Amino acid sequence: LSAQTRELHCQTERTVDALDVFSGPQIYRSWLVALYDMQTFFSDGAAAGCEILGIEDVTSDLLDALDRDVTAMAGTELLEERPAVGHADQPQPTRSEAIGIIYVLEGSGLGASVLYNRAVEASMPTTEFLDLSRTLAKKRWRRVVGRINELTEVSIEEATAAANSVFSFLDSGLQTISNRKER
């Protein structure tokens, strides 16, 4: 999946860098909200992916950490209007789609290590989500990839499309923040 998702992965990283999410509390909080929305929207796929891989679903822990981070910055105005984000309208993902979704959500913890350090260096007021995400990735990533590689009857095309949809969802939210920032 790495090679098939590289382009959108890199695009999302470029968007995060261009936003300079650690330049101040307002943009940082808006970025955290975008991450919260992504985790919420794909929570059913994450749960299904965790079940298929036989690993604990930590989505609620990550959402709780994001909620605490955003709440801790409650006095900071958001750069974007927050549309209601929910997963109720999402059809239940196929096995292959769930694998693509969990691949991206679990893999994002690898980047969280770098982002955590940048947030600390920039003296962001709260980093609980990034800290939890990087800690979980250290414990789980090799097992996740190993189990994905052992799976049979998974459509790489479906998994790739689902993985890319996660990147696209986040990138779209970040583009909205970027557009507001430029005003």
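Keep in mind that this is a model prediction, so the values were computed, not measured. (Residues numbered from 1 in each chain as written. Predicted model: local features only at pLDDT ≥ 70, side-chain atom pairs only at ≥ 80, totals over all residues. Heavy atoms only, no water.)

Trainee: Would you explain the packing of helix 4 (residues 59–72) against helix 6 (residues 128–150) in this entry?
Mentor: Two quantities define a packed helix pair, namely the angle between the axes and the distance from one axis to the other. Running from N to C, helix 4 and helix 6 cross one another at 155°; their axes reach a closest spacing of 7 Å. Here helix 4 is positioned roughly antiparallel relative to helix 6, judged by the angle of their axes. Each of Asp-61, Leu-62, Ala-65, Leu-66, Arg-68 and Asp-69 in helix 4 lies in contact with helix 6, whose residues at this interface are Glu-128, Phe-129, Leu-132, Ser-133 and Leu-136. Grouping the constituent residues of the contact of helix 4 with helix 6 by class yields six nonpolar, one polar and four charged. (Axes fitted to C-alpha atoms, helices over the stretch in contact; angles between N-to-C directions. Helix = DSSP H or I, 4+ residues; strand = E, 2+ residues; numbered from the N terminus. Parallel < 35°, antiparallel > 145°, perpendicular 65-115°, else oblique. Contact = heavy atoms within 4.5 Å. Nonpolar A, V, L, I, M, F, W, Y, C, P; charged D, E, K, R; others polar.)

Trainee: Sorry, what's going on with helix 6 here?
Mentor: Residue pairs three or four apart in sequence face the same way in an α-helix, which turns once every 3.6 residues. Its 23 residues place the ends of helix 6 32 Å apart at the C-alpha level, agreeing with the 33 Å of an ideal helix rising 1.5 Å per residue. Taken as a whole, helix 6 has its buried residues at Phe-129, Leu-130, Ser-133, Arg-134, Leu-136, Ala-137, Arg-140, Trp-141, Val-144 and Ile-148. (Expected span 1.5 Å × (residues − 1). Buried < 20%, exposed > 50% of the residue type's maximum accessible area, 1.4 Å probe, protein only.)

Trainee: Got a minute to help me understand unusual backbone geometry in this structure?
Mentor: For residues besides glycine, phi is generally negative; the peptide bonds are generally trans as well. One non-glycine residue with positive phi stands out, namely Ser-123, at about 60°. Turning to its location among the elements, Ser-123 is positioned in the loop between helix 5 (95–121) and helix 6. A relative accessible area of 59% means that Ser-123 is categorised as exposed. Despite not being glycine, Glu-153 has its phi angle at roughly 55°, a positive value. Within the element layout of this structure, Glu-153 appears in the loop between helix 6 and helix 7 (156–182).

Trainee: Just to check I follow, could you spell out the pattern of salt bridges for this structure?
Mentor: When charged atoms on two side chains of opposite charge get close, those side chains can pair. Under the criterion given, the structure shown has four salt bridges. Notably, a salt bridge pairs Arg-118 with Asp-17, separated by 3.3 Å at the nearest N-O pair. With Arg-118 in helix 5 and Asp-17 in helix 1 (residues 2–19), this pair connects stretches of sequence that are 101 residues apart. A salt bridge links Arg-68 to Glu-128; the nearest nitrogen and oxygen atoms lie 2.5 Å apart. One end of the pair, Arg-68, is in helix 4; the other, Glu-128, is in helix 6, with 60 residues separating them in the sequence. Judged by relative accessible area, Glu-128 falls into the partly exposed class, the value being 32%. (Salt bridge = Lys/Arg side-chain N within 4 Å of Asp/Glu carboxyl O.)

Trainee: Hey, could you run me through the packing of helix 2 (residues 25–41) against helix 4 in this one?
Mentor: Across the interface, helix 2 lies against helix 4 with an axial gap of 10 Å and an inter-helix angle of 155°. Judged by the angle between their axes, helix 2 and helix 4 are roughly antiparallel. For helix 2 against helix 4, the interelement crossing comes out left-handed. Contacts between helix 2 and helix 4 involve Arg-29, Leu-32, Val-33, Leu-35, Tyr-36, Gln-39 and Thr-40 on the former and, on the latter, Thr-59, Leu-62, Leu-63, Leu-66, Asp-67, Asp-69 and Val-70. When its residues are assigned to classes, the contact of helix 2 with helix 4 shows eight nonpolar, three polar and three charged. (Left-handed = near helix turned anticlockwise from the far one by under 90°.)

Trainee: Looking at this structure, how should I read the nonpolar core?
Mentor: Note on soluble globular proteins: their nonpolar side chains tend to be buried together. Of all hydrophobic cores here, the largest spans 49 residues; its most connected members are Phe-22, Tyr-28, Trp-31, Leu-32, Leu-35, Leu-130 and Leu-174. Elements that contribute at least two residues to this core include exactly helix 1, helix 2, helix 3 (43–53), helix 4, helix 5, helix 6 and helix 7. Take this core: its biggest share by element is ten residues, from helix 5. (Core = buried A, V, L, I, M, F, W, Y, C linked by side-chain atoms within 4.5 Å.)

Trainee: Please explain helix 5 as it appears in this structure.
Mentor: Taking 1.5 Å of rise per residue, 27 residues should cover 39 Å, and helix 5 covers 40 Å from first to last C-alpha, within 8% of that figure. At Gly-111, helix 5 shows its largest bend, some 40°. A positive backbone phi angle near 60° is found at Ser-123, which sits one or two residues after helix 5. (Bend = angle between axes of the 7 residues up to and from the residue.)

Trainee: I'm lost on the packing of aromatic side chains in this one. Help?
Mentor: One pair of aromatic rings is described through two measures. These are the centre distance and the angle between the planes. This structure, assessed with the given rule, holds seven aromatic pairs. Taken together, a centroid distance of 5.9 Å and an interplanar angle of 35° make the contact between Tyr-28 and Trp-31 tilted. Of this pair, Tyr-28 and Trp-31 are both found in helix 2, three residues apart, which corresponds to roughly one turn of the helix. Just as Tyr-28 is buried, Trp-31 falls in that class too. Taking 5.5 Å as the distance between ring centres and 85° as the angle between the ring planes, the aromatic pair formed by Phe-42 and Phe-169 counts as edge-to-face. Remark: Phe-169 occurs in helix 7 and Phe-42 occurs in the loop between helix 2 and helix 3; sequence separation between them is 127 residues. Grouped by ring-pair contacts, the aromatic residues Phe-22, Tyr-28 and Trp-31 constitute a single cluster. (Phe/Tyr/Trp six-rings, centres within 6.5 Å; stacked < 30°, edge-to-face > 60°.)

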